[in-house]
Amino acid sequence: MKNILFVASEGVPFIKTGGLADVVGSLPKCIDKKYFDIRVILPKYTCMKPEFKEMLTFKQNFYMDFHWKNAYVGILEAEYEGIKFYFIDNEGYFGGMRPYCDDPLWEIEKFAFFSKAALSALPLIGFKPDIIHCHDWQTGLIPVYLKERFAGNDFFKGIKTIMTIHNLKFQGKWSIKDVKEITGLSDYYFTPDKLEAYKDANLLKGGIVFADAITTVSETYAEEIKTQFYGEGLDGLLNSRANDLRGIVNGIDYKDFNPETDPFIEKKYNARDFRKEKVKNKLKLQEELGLKKDANTMMIGIVSRLTDQKGFDLIAYVMDELCRDNIQIVVLGTGEERYENMFRHFDWKYSDKVSGNIYYSEPLSHKIYAACDAFLMPSLFEPCGLSQLMALRYGTVPIVRETGGLKDTVEPYNEYESTGTGFSFLNYNAHEMLGTVRYAEHIYYDKKREWNKIIDRGMSRDFSWYTSAAKYQAMYDWMIG
Ligand code: ADP
Ligand code: GLC
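Conventions adopted
Residues numbered from 1 in each chain as written. Chains lettered and ligands numbered in written order. Predicted model: local features only at pLDDT ≥ 70, side-chain atom pairs only at ≥ 80, totals over all residues. Heavy atoms only, no water. Near = heavy atom within 4 Å. Polar contact = N/O pair within 3.5 Å; in protein donor to acceptor, adjacent residues only side chain to side chain. Nonpolar A, V, L, I, M, F, W, Y, C, P; charged D, E, K, R; others polar. Salt bridge = Lys/Arg side-chain N within 4 Å of Asp/Glu carboxyl O. Helix = DSSP H or I, 4+ residues; strand = E, 2+ residues; numbered from the N terminus. Buried < 20%, exposed > 50% of the residue type's maximum accessible area, 1.4 Å probe, protein only. Contact = heavy atoms within 4.5 Å. Axes fitted to C-alpha atoms, helices over the stretch in contact; angles between N-to-C directions. Parallel < 35°, antiparallel > 145°, perpendicular 65-115°, else oblique. Left-handed = near helix turned anticlockwise from the far one by under 90°. Core = buried A, V, L, I, M, F, W, Y, C linked by side-chain atoms within 4.5 Å. Domains from an automatic or database assignment. Pairing = 2+ DSSP bridges. Right-handed = clockwise from strand over helix to strand, strands pointing away. Areas by Shrake-Rupley, 256 points an atom, 1.4 Å probe, with all protein chains shown as cover.

## Brief notes about the site of ligand 2
Contacts to ligand 2 come from 14 residues, most closely from His166, Asn250, Glu382, Cys384 and Gly385. Within the side chain of His166, an N or O atom sits 2.6 Å from an oxygen atom of ligand 2. Note that an oxygen atom of ligand 2 is positioned 2.8 Å from one of the side-chain N or O atoms of Asn250. Tallied by class, residues from the shell around ligand 2 come to 6 nonpolar, 6 polar and 2 charged.

Written out as structure tokens, the structure reads:
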């Protein structure tokens with residue numbers, strides 16, 4: 001039996017702000033339990049839903065030297081769908097209304113604490129991983145700490161690490177002076193070949209330098225981040241570690257996202273009867289959101305964090321033009337204020353056509369995936385993207401920009417060969433996007449049989465974890481030897 005430990009800042013069903021949580025919650029379930037004992041460590045956030053907090057049982061606690069204090073570390077555990085989850089408790093760090101806040105220094109202190117506490121907890125839990133699989137900058141210090149203060153301890157000998165980059169944009173950067181104080185790492189670690197980047201300390205960089213292997217969440221993104229445009233200042237480092245870097249595309253949980261069994265949707269359907277049944281979800285959602293009730297109108301969905309990454313400036317630029325067409329647009333998302341206000345504004349301006357829902361709701365997200373005809377995701381960059389996979393699973397045709405995981409998972413429609421599962425455009429240009437949306441409208445309204453065949457092909461693709469989990473397993477095997 002080989003032991004694998006996931007360490008991450010979020011994971012479904014306990015806490016989620018984006019796709020990272022989906023991956024951390026769903027991938028372990030698909031790893032073969034005959035060969036791997038895979039467990040997960042998360043922070044115990046006070047803002048977790050009560051139903052999940054109630055599932056946790058206290059295991060033990062200890063005190064750990066951290067920063068200038070002796071900090072409390074509680075360990076709780078829960079078993080969910082066959083996976084053992086541990087939670088690191090400290091209300092000073094993980095209290096608050098949300099898992100993350102806007103103060104970068106506080107975030108660094110919080111996740112430095114989390115990383116050190118997660119490692120320190122392992123001997124007490126009695127679980128020695130062969131591999132610690134770290135996710136995003138919040139866990140970047142784990143490979144560093146392992147090589148540094150934990151190296152002298154027999155328990156930690158031989159543990160390998162993987163750093164998975166879900167989003168290179170977020171790196172955990174701050175002044176060397178403060179990070180040195182918080183982490184307790186010596187000057188030795190703050191040089192350009194280790195944690196220093198452009199005069200600051202950079203936690204993700206630490207993870208990338210010290211991890212035994214590096215992965216990211218699609219093959220295209222693994223190539224893109226080696227270029228200046230997508231490299232976020234770390235393209236040089238990623239090029240130098242290119243032999244240890246690979247892209248493995250994400251999957252989604254085929255049980256949680258299944259139009260045949262989804263408890264959140266009005267009318268269940270599948271790949272055989274979607275032609276008749278799917279539209280009932282549209283009619284119901286139009287009613288619920290106060291849009292004009294019409295089975296025929298093309299409904300375009302967006303479920304997203306409202307940030308620059310997702311291409312909302314393109315949408316802002318052509319929204320008025322788009323709203324002249326015979327379409328409806330349903331948005332669900334939270335994020336940057338200017339995009340939240342933009343969708344509130346268009347919801348007001350085109351009240352029977354646009355529905356802007358500026359909040360977080362899992363039920364509504366499922367209803368949108370089920371109800372819409374198309375799903376728009378014109379991202380500036382997209383490490384993988386899960387929303388387009390959910391859309392494909394629900395027979396909702398993705399319209400995407402050809403970048404990162406979107407390029408790897410959505411095959412553009414080719415009307416001459418009758419192939420493809422969605423629509424895509426290459427350049428980050430608002431009118432190129434608009435042209436593509438309008439081409440999709442044309443196929444939807446004028447060539448319905450073709451449109452339905454696009455759905456047929458999309459729904460028959462397999463984006464469960466089946467293939468990618470096997471790739472992770474092969475990598476674990478190879479690393480452990
Ligand atoms: P990212 O991780 O960059 O946000 P992904 O496409 O990988 O993008 O994953 C986003 C996940 O978060 C999807 O599961 C999507 O359905 C979900 N999501 C985003 N915003 C909301 C929201 N406001 N309400 C419910 N789910 C949301
Ligand atoms: C990040 C990326 C997204 C990816 C997700 C899970 O949030 O922005 O593209 O799907 O992580 O890997």
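Having put the structure on the table, let's press on.
## Thoughts on the pattern of salt bridges
Throughout the structure, instances matching the rule amount to 32 salt bridges. Residue Glu411 is joined to Arg461 by a salt bridge in which the shortest nitrogen-to-oxygen separation is 2.9 Å. Highlighted residues: Glu411 in the loop between helix 15 (404-409) and strand 18 (423-425) and Arg461 in the loop between helix 17 (448-460) and helix 18 (466-480), separated in sequence by 50 residues. Accessibility expressed as a relative area gives 29% for Glu411, which makes it partly exposed.

## Some points on the environment of Thr216
Summarising the element assignment, Thr216 is placed in strand 11 (residues 213-216). Along the primary structure Thr216 and Gln60 are separated by 156 residues, whereas in three dimensions their C-alpha atoms are 34 Å apart. Discounting residues that sit within four places of it in the chain, Thr216 has contacts with Ile165, Tyr221, Ala222, Ile225, Arg246, Gly247 and Ile248. Among the polar contacts made by the side chain of Thr216, one reaches the main-chain carbonyl oxygen of Ile165 at a distance of 2.7 Å.

## Concerning the packing of helix 11 (residues 312-322) against helix 12 (residues 337-349)
Running from amino to carboxyl end, helix 11 crosses helix 12 at an angle of 25 degrees, the nearest separation of the two axes being 11 Å. In terms of orientation, helix 11 and helix 12 fall into the roughly parallel class. Crossing of helix 11 over helix 12 shows left-handed handedness. Side by side, helix 11 and helix 12 meet where Phe312, Asp313, Ile315, Ala316, Met319 and Asp320 of the first sit next to Tyr339, Met342, Phe343, Phe346 and Lys349 of the second. When grouped by side-chain class, the residues that make up the contact of helix 11 with helix 12 number 8 nonpolar, no polar and 3 charged.

## Observations regarding the packing of helix 16 (residues 430-446) against helix 17
Packing of helix 16 against helix 17 leaves a shortest axis separation of 5 Å and a crossing angle of 110 degrees. Here helix 17 runs roughly perpendicular to helix 16, going by the angle between their axes. Touching Ala440, Ile443, Tyr444 and Asp446 of helix 16 are Lys448, Glu450, Trp451 and Ile454, all from helix 17. In terms of residue class, the contact of helix 16 with helix 17 is made up of 5 nonpolar, no polar and 3 charged.

## Side note on the nonpolar core
Formed by 163 residues in total, the largest nonpolar core has its most connected members in Phe113, Ile132, Phe343 and Trp451. For this core, the element with the most residues is helix 4 (residues 104-125), which contributes 11 residues. Split by domain, the residues of this core number at least three in each of domain 1 (2-251 + 466-480) and domain 2 (274-461). The contact partners of Phe343, leaving out residues within four places of it in the chain, are Ile302, Leu306, Phe312, Ile315, Met319, Val331, Gly356 and Ile358.

## What about the sheet that holds strand 10 (residues 200-202)?
As summarised here, the arrangement of the 3 strands in space is 8-10-9, forming an open sheet in which the pairing is antiparallel. Edge positions in the sheet fall to strand 8 (173-175) and strand 9 (196-197), since each has one partner strand and no second. Examined bridge by bridge, strand 9 and strand 10 share 2 bridges and lie antiparallel to one another. Note on strand 10: the bridge partner recorded for Ala197 is Asp200. Set on the sheet, helix 6 (residues 176-183) makes contact with strand 8, strand 9 and strand 10; between it and strand 8 the angle comes to about 100 degrees.

## Details of the pairing of strand 6 (residues 131-135)
Every other side chain in a regular strand lies on the same face of the sheet, so the side chains alternate between the two faces. Judged by how many residues are buried, strand 6 sits mostly within the fold: 5 of 5 residues are covered. Sheet analysis places strand 1 (residues 2-7) next to strand 6, joined by 4 bridges and oriented parallel. From the neighbouring strand, Phe6 faces strand 6, where its bridge partner is His133. As paired elements, strand 6 and strand 7 (residues 160-165) share 5 bridges and run parallel to each other. By the bridge assignment, His133 is partnered in strand 7 with Ile162. The parallel pair strand 6 and strand 7, bridged by helix 5 (residues 141-147), forms a crossover whose chirality is right-handed.

## Considerations on the pairing of strand 15 (residues 354-357)
Where burial is concerned, the two faces of strand 15 agree: the one with Val354 and Gly356 and the one with Ser355 and Asn357 are both buried. In terms of strand pairing, strand 14 (residues 327-335) meets strand 15 through 4 bridges, oriented parallel. Looking across to strand 15, one finds that Val331 is bridged to Gly356. For the crossover that starts at strand 14, traverses helix 12 and ends in the parallel strand 15, the hand is right-handed.

## Comments concerning the site of ligand 1
Neighbouring residues of ligand 1: 22 residues in total, closest Gly19, Arg305, Lys310, Tyr369 and Leu386. A distance of 2.7 Å separates an oxygen atom of ligand 1 from a polar atom in the side chain of Arg305. Interatomic distance of 2.7 Å between a side-chain N/O atom of Tyr369 and an oxygen atom of ligand 1. Considering ligand 1 on its own, with 560 Å² of exposed area, one finds that the protein chains cover 94% of that surface. Of all the elements in the fold, those that place two or more residues in the shell around ligand 1 are helix 1 (19-26), strand 13 (298-306), strand 14, helix 13 (362-371) and helix 14 (387-393). With 3 residues, strand 13 is the single largest residue contributor to the shell around ligand 1. Tallied by class, the residues present in the shell around ligand 1 amount to 8 nonpolar, 9 polar and 5 charged. The residue makeup of the shell around ligand 1 includes at least three contributed by each of domain 1 (2-251 + 466-480) and domain 2 (274-461).

## Let's talk about the sheet that holds strand 16 (residues 374-377)
Pairing in this open sheet of 6 strands is parallel, and the strands run 15-14-13-16-17-18 from one edge to the other. The sheet terminates laterally at strand 15 and strand 18, the two strands that pair on one side only. When the angles between neighbouring strand axes are averaged without regard to direction, this sheet yields 15 degrees. Contacts from helix 16 reach strand 13, strand 14, strand 16, strand 17 (397-401) and strand 18, with the element oriented near 160 degrees to strand 18.

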